[in-house]
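Below are the chains, spelled out letter by letter.
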Amino acid sequence: MRRKLVAGNWKMHGSLAENENLLNGILAGMGNVKAGVAVCVPFPYLAQVQAKLAGSAIAWGAQNLSQHAKGAYTGEVSAAMLKDFGCRYVIVGHSERRALYGESDELVADKYAVVQAAGLIPILCVGETLNEREECITEQVVGRQLDAVINKSGVASLANAVVAYEPVWAIGTGVTATPDQAQSVHAFIRGKVRGLDAAVADGLIIQYGGSVKASNAVELFGQPDIDGGLIGGAALNAEEFLAICRAG
Ligand code: PGA
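Enquirer: How should the packing of helix α7 (residues 138-153) against helix α8 (residues 179-194) be read in this particular structure?
Expert: A pair of packed helices is captured by two measures, namely the crossing angle of their axes and the spacing between those axes. Between α7 and α8, whose axes approach to 11 Å, the crossing angle comes to 40°. The orientation of α7 relative to α8 falls into the category oblique. α8 is crossed by α7, and the crossing has right-handed handedness. Residues Thr138, Glu139, Val142, Gly143, Leu146 and Asp147 of α7 lie in contact with α8, whose contacting residues are Val185, Phe188, Ile189 and Lys192. In the contact of α7 with α8, the residues fall into 5 nonpolar, 2 polar and 3 charged.

This is the structure in C-alpha coordinates:
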(Lines give C-alpha, C1' and ligand atoms only; values in the text may rest on other atoms or scores of the structure.)
Protein backbone atom coordinates (compact mmCIF):
# COMPACT_ATOMS: atom_id res chain seq x y z
CA MET A 1 0.00 0.00 0.00
CA ARG A 2 1.37 3.39 -0.96
CA ARG A 3 1.19 6.02 1.75
CA LYS A 4 -0.44 9.18 0.48
CA LEU A 5 1.55 12.40 0.39
CA VAL A 6 -0.03 15.85 0.64
CA ALA A 7 2.37 18.69 -0.15
CA GLY A 8 1.63 22.40 0.06
CA ASN A 9 3.06 24.57 -2.70
CA TRP A 10 3.03 28.03 -1.19
CA LYS A 11 4.22 29.64 -4.44
CA MET A 12 5.28 33.29 -3.87
CA HIS A 13 3.18 33.81 -0.76
CA GLY A 14 3.89 34.33 2.90
CA SER A 15 5.83 36.45 5.35
CA LEU A 16 7.66 35.53 8.54
CA ALA A 17 4.56 36.43 10.57
CA GLU A 18 2.05 34.72 8.27
CA ASN A 19 4.16 31.58 8.04
CA GLU A 20 4.46 31.42 11.81
CA ASN A 21 0.66 31.45 12.16
CA LEU A 22 0.09 29.01 9.33
CA LEU A 23 2.68 26.52 10.60
CA ASN A 24 1.38 26.77 14.17
CA GLY A 25 -2.11 26.02 12.88
CA ILE A 26 -0.99 23.03 10.83
CA LEU A 27 1.20 21.61 13.59
CA ALA A 28 -1.67 21.86 16.07
CA GLY A 29 -3.95 19.77 13.86
CA MET A 30 -1.58 16.99 12.77
CA GLY A 31 -2.80 14.53 15.40
CA ASN A 32 -5.22 12.61 13.21
CA VAL A 33 -3.42 12.95 9.86
CA LYS A 34 -2.28 9.62 8.40
CA ALA A 35 -0.82 10.89 5.13
CA GLY A 36 2.71 12.19 4.76
CA VAL A 37 2.69 15.99 4.81
CA ALA A 38 5.15 18.53 3.41
CA VAL A 39 5.31 22.24 2.67
CA CYS A 40 7.30 23.70 -0.22
CA VAL A 41 8.12 27.30 0.61
CA PRO A 42 9.92 30.28 -0.95
CA PHE A 43 13.73 30.12 -0.52
CA PRO A 44 14.02 32.89 2.09
CA TYR A 45 11.73 31.02 4.46
CA LEU A 46 13.56 27.69 4.43
CA ALA A 47 15.46 28.56 7.60
CA GLN A 48 12.20 29.46 9.31
CA VAL A 49 10.44 26.23 8.38
CA GLN A 50 13.53 24.21 9.25
CA ALA A 51 13.60 25.71 12.75
CA LYS A 52 9.87 25.32 13.15
CA LEU A 53 9.34 21.84 11.67
CA ALA A 54 12.52 19.97 12.65
CA GLY A 55 11.47 16.93 14.67
CA SER A 56 7.80 17.27 13.60
CA ALA A 57 5.83 15.00 11.27
CA ILE A 58 5.93 17.66 8.54
CA ALA A 59 8.69 17.64 5.92
CA TRP A 60 9.64 20.69 3.90
CA GLY A 61 11.07 21.55 0.55
CA ALA A 62 11.67 24.15 -2.14
CA GLN A 63 9.81 25.02 -5.32
CA ASN A 64 12.72 25.25 -7.75
CA LEU A 65 16.51 25.10 -7.96
CA SER A 66 19.42 25.61 -10.33
CA GLN A 67 20.59 22.78 -12.54
CA HIS A 68 24.16 23.88 -11.73
CA ALA A 69 26.16 22.85 -8.66
CA LYS A 70 27.86 26.22 -8.03
CA GLY A 71 29.44 29.14 -9.81
CA ALA A 72 28.68 32.40 -11.56
CA TYR A 73 24.88 32.04 -11.71
CA THR A 74 23.60 35.21 -10.09
CA GLY A 75 20.28 34.75 -8.36
CA GLU A 76 20.31 30.95 -8.48
CA VAL A 77 20.11 28.40 -5.65
CA SER A 78 21.77 24.97 -5.74
CA ALA A 79 20.63 21.56 -4.53
CA ALA A 80 23.42 21.50 -1.92
CA MET A 81 22.11 24.79 -0.49
CA LEU A 82 18.63 23.31 -0.19
CA LYS A 83 20.11 20.28 1.53
CA ASP A 84 21.82 22.60 4.04
CA PHE A 85 18.37 23.74 5.10
CA GLY A 86 17.04 20.22 5.63
CA CYS A 87 14.81 20.07 2.56
CA ARG A 88 13.45 16.66 1.70
CA TYR A 89 11.57 17.66 -1.46
CA VAL A 90 12.12 19.98 -4.40
CA ILE A 91 9.38 20.71 -6.91
CA VAL A 92 10.71 20.58 -10.47
CA GLY A 93 8.93 21.42 -13.69
CA HIS A 94 5.94 23.18 -12.19
CA SER A 95 3.81 24.45 -15.06
CA GLU A 96 4.41 28.05 -13.93
CA ARG A 97 8.17 27.46 -14.33
CA ARG A 98 7.61 25.83 -17.72
CA ALA A 99 5.23 28.53 -19.00
CA LEU A 100 6.54 31.73 -17.39
CA TYR A 101 10.28 30.96 -17.24
CA GLY A 102 10.65 28.89 -20.38
CA GLU A 103 11.77 25.67 -18.67
CA SER A 104 12.05 22.92 -21.29
CA ASP A 105 11.57 19.19 -20.71
CA GLU A 106 15.37 18.83 -20.92
CA LEU A 107 16.03 21.52 -18.32
CA VAL A 108 13.45 19.96 -16.02
CA ALA A 109 15.16 16.58 -16.48
CA ASP A 110 18.51 18.18 -15.56
CA LYS A 111 16.99 19.71 -12.43
CA TYR A 112 15.37 16.39 -11.48
CA ALA A 113 18.78 14.69 -11.78
CA VAL A 114 20.60 17.23 -9.60
CA VAL A 115 17.90 16.99 -6.90
CA GLN A 116 18.42 13.23 -6.74
CA ALA A 117 22.21 13.53 -6.89
CA ALA A 118 21.98 15.63 -3.70
CA GLY A 119 19.93 12.90 -2.01
CA LEU A 120 16.70 14.90 -2.15
CA ILE A 121 13.36 13.86 -3.65
CA PRO A 122 12.08 15.64 -6.75
CA ILE A 123 8.35 16.29 -7.07
CA LEU A 124 8.16 16.19 -10.86
CA CYS A 125 5.17 18.14 -12.20
CA VAL A 126 3.60 17.09 -15.48
CA GLY A 127 0.38 18.15 -17.14
CA GLU A 128 -1.31 19.39 -20.27
CA THR A 129 -2.73 22.81 -21.15
CA LEU A 130 -6.40 23.31 -22.01
CA ASN A 131 -5.53 23.43 -25.73
CA GLU A 132 -3.63 20.19 -25.48
CA ARG A 133 -6.55 18.51 -23.70
CA GLU A 134 -8.96 19.78 -26.35
CA GLU A 135 -6.66 18.44 -29.05
CA CYS A 136 -6.77 15.07 -27.25
CA ILE A 137 -2.99 14.97 -26.83
CA THR A 138 -2.92 14.85 -23.02
CA GLU A 139 -1.21 11.45 -22.89
CA GLN A 140 1.27 12.45 -25.56
CA VAL A 141 2.26 15.58 -23.62
CA VAL A 142 2.47 13.87 -20.22
CA GLY A 143 4.31 10.94 -21.80
CA ARG A 144 6.86 13.29 -23.38
CA GLN A 145 7.41 15.12 -20.07
CA LEU A 146 8.01 11.79 -18.31
CA ASP A 147 10.23 10.44 -21.07
CA ALA A 148 12.61 13.40 -20.73
CA VAL A 149 13.29 12.34 -17.14
CA ILE A 150 13.32 8.58 -17.78
CA ASN A 151 15.72 8.97 -20.71
CA LYS A 152 18.16 10.98 -18.61
CA SER A 153 17.91 9.32 -15.18
CA GLY A 154 16.40 5.91 -15.94
CA VAL A 155 13.12 4.42 -14.77
CA ALA A 156 14.73 3.23 -11.52
CA SER A 157 15.15 6.89 -10.51
CA LEU A 158 11.37 7.08 -10.06
CA ALA A 159 11.80 4.91 -6.95
CA ASN A 160 13.13 8.09 -5.31
CA ALA A 161 10.75 10.60 -6.82
CA VAL A 162 7.18 11.82 -6.64
CA VAL A 163 5.17 12.66 -9.76
CA ALA A 164 2.51 15.35 -9.59
CA TYR A 165 -0.08 15.34 -12.36
CA GLU A 166 -1.26 18.94 -12.62
CA PRO A 167 -3.48 19.79 -15.57
CA VAL A 168 -2.54 23.41 -16.32
CA TRP A 169 -6.18 24.38 -16.85
CA ALA A 170 -6.99 23.31 -13.28
CA ILE A 171 -4.22 25.22 -11.49
CA GLY A 172 -5.46 28.20 -9.53
CA THR A 173 -8.61 28.36 -11.63
CA GLY A 174 -11.12 26.74 -9.30
CA VAL A 175 -11.81 24.22 -12.08
CA THR A 176 -10.75 20.83 -10.73
CA ALA A 177 -10.29 17.80 -12.94
CA THR A 178 -13.07 15.34 -12.20
CA PRO A 179 -11.93 12.27 -10.28
CA ASP A 180 -12.40 10.24 -13.48
CA GLN A 181 -10.37 12.66 -15.61
CA ALA A 182 -7.55 12.69 -13.08
CA GLN A 183 -7.65 8.93 -12.46
CA SER A 184 -7.43 8.25 -16.17
CA VAL A 185 -4.17 10.25 -16.53
CA HIS A 186 -2.78 8.80 -13.30
CA ALA A 187 -3.46 5.28 -14.61
CA PHE A 188 -1.73 6.24 -17.86
CA ILE A 189 1.35 7.44 -15.95
CA ARG A 190 1.51 4.34 -13.75
CA GLY A 191 0.90 2.08 -16.74
CA LYS A 192 3.69 3.71 -18.68
CA VAL A 193 6.09 3.21 -15.78
CA ARG A 194 4.80 -0.35 -15.25
CA GLY A 195 5.75 -1.17 -18.82
CA LEU A 196 9.37 -0.46 -17.82
CA ASP A 197 9.47 -1.59 -14.17
CA ALA A 198 6.48 -3.03 -12.33
CA ALA A 199 7.92 -2.64 -8.83
CA VAL A 200 8.77 1.02 -9.40
CA ALA A 201 5.27 1.61 -10.80
CA ASP A 202 3.60 0.03 -7.77
CA GLY A 203 5.59 2.16 -5.32
CA LEU A 204 5.39 5.44 -7.22
CA ILE A 205 3.50 8.24 -5.48
CA ILE A 206 1.49 10.12 -8.10
CA GLN A 207 -0.10 13.26 -6.66
CA TYR A 208 -2.91 15.23 -8.24
CA GLY A 209 -2.67 19.02 -8.27
CA GLY A 210 -5.06 21.70 -9.52
CA SER A 211 -7.71 23.38 -7.37
CA VAL A 212 -7.74 20.65 -4.72
CA LYS A 213 -9.94 21.75 -1.81
CA ALA A 214 -11.25 20.12 1.33
CA SER A 215 -14.55 19.62 -0.52
CA ASN A 216 -13.11 17.54 -3.39
CA ALA A 217 -10.05 15.91 -1.80
CA VAL A 218 -11.79 12.80 -0.45
CA GLU A 219 -13.18 11.83 -3.83
CA LEU A 220 -9.95 12.60 -5.69
CA PHE A 221 -7.73 10.79 -3.20
CA GLY A 222 -10.14 7.86 -3.23
CA GLN A 223 -9.16 7.01 -6.82
CA PRO A 224 -6.90 3.95 -7.10
CA ASP A 225 -3.97 5.75 -8.70
CA ILE A 226 -4.19 9.11 -6.90
CA ASP A 227 -1.76 9.11 -3.98
CA GLY A 228 -2.41 12.51 -2.45
CA GLY A 229 -2.03 16.00 -3.79
CA LEU A 230 0.10 19.03 -4.51
CA ILE A 231 -1.89 21.90 -3.05
CA GLY A 232 -1.55 25.58 -4.00
CA GLY A 233 -4.13 28.09 -2.82
CA ALA A 234 -5.74 25.80 -0.26
CA ALA A 235 -2.36 25.20 1.41
CA LEU A 236 -2.33 28.79 2.69
CA ASN A 237 -5.14 28.18 5.16
CA ALA A 238 -4.35 25.84 8.04
CA GLU A 239 -7.86 24.43 8.49
CA GLU A 240 -8.39 23.87 4.78
CA PHE A 241 -4.95 22.31 4.33
CA LEU A 242 -5.46 20.03 7.34
CA ALA A 243 -8.83 18.91 6.03
CA ILE A 244 -7.11 17.96 2.75
CA CYS A 245 -4.37 16.16 4.67
CA ARG A 246 -7.01 14.19 6.57
CA ALA A 247 -8.49 13.07 3.24
CA GLY A 248 -5.19 11.34 2.51
P1 PGA B 1 -3.81 25.24 -6.88
O2 PGA B 1 -2.26 25.07 -7.31
O3 PGA B 1 -4.09 24.21 -5.82
O4 PGA B 1 -3.90 26.65 -6.35
O5 PGA B 1 -4.61 25.03 -8.11
C6 PGA B 1 -1.68 23.80 -7.41
C7 PGA B 1 -0.25 23.94 -7.86
O8 PGA B 1 0.04 24.81 -8.68
O9 PGA B 1 0.63 23.17 -7.42
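Enquirer: How should the side chain of serine 157 be read in this particular structure?
Expert: Here serine 157 lies in the loop between α7 and β6 (162-165). A relative accessible area of 7% places serine 157 in the buried class. Among the polar contacts listed, one links the side chain of serine 157 to the side chain of tyrosine 112, at a separation of 2.8 Å. A distance of 2.7 Å separates the side chain of serine 157 from the backbone oxygen of glycine 154, its partner in a polar contact. Apart from the residues lying within four places of it in its own chain, the contact partners of serine 157 are Tyr112 and Gln116.

Reading the values: rules and limits
- Residues numbered from 1 in each chain as written.
- Predicted model: local features only at pLDDT ≥ 70, side-chain atom pairs only at ≥ 80, totals over all residues.
- Heavy atoms only, no water.
- Axes fitted to C-alpha atoms, helices over the stretch in contact; angles between N-to-C directions.
- Helix = DSSP H or I, 4+ residues; strand = E, 2+ residues; numbered from the N terminus.
- Parallel < 35°, antiparallel > 145°, perpendicular 65-115°, else oblique.
- Left-handed = near helix turned anticlockwise from the far one by under 90°.
- Contact = heavy atoms within 4.5 Å.
- Nonpolar A, V, L, I, M, F, W, Y, C, P; charged D, E, K, R; others polar.
- Buried < 20%, exposed > 50% of the residue type's maximum accessible area, 1.4 Å probe, protein only.
- Polar contact = N/O pair within 3.5 Å; in protein donor to acceptor, adjacent residues only side chain to side chain.

Interpretation in functional terms is not warranted from these geometric data alone.
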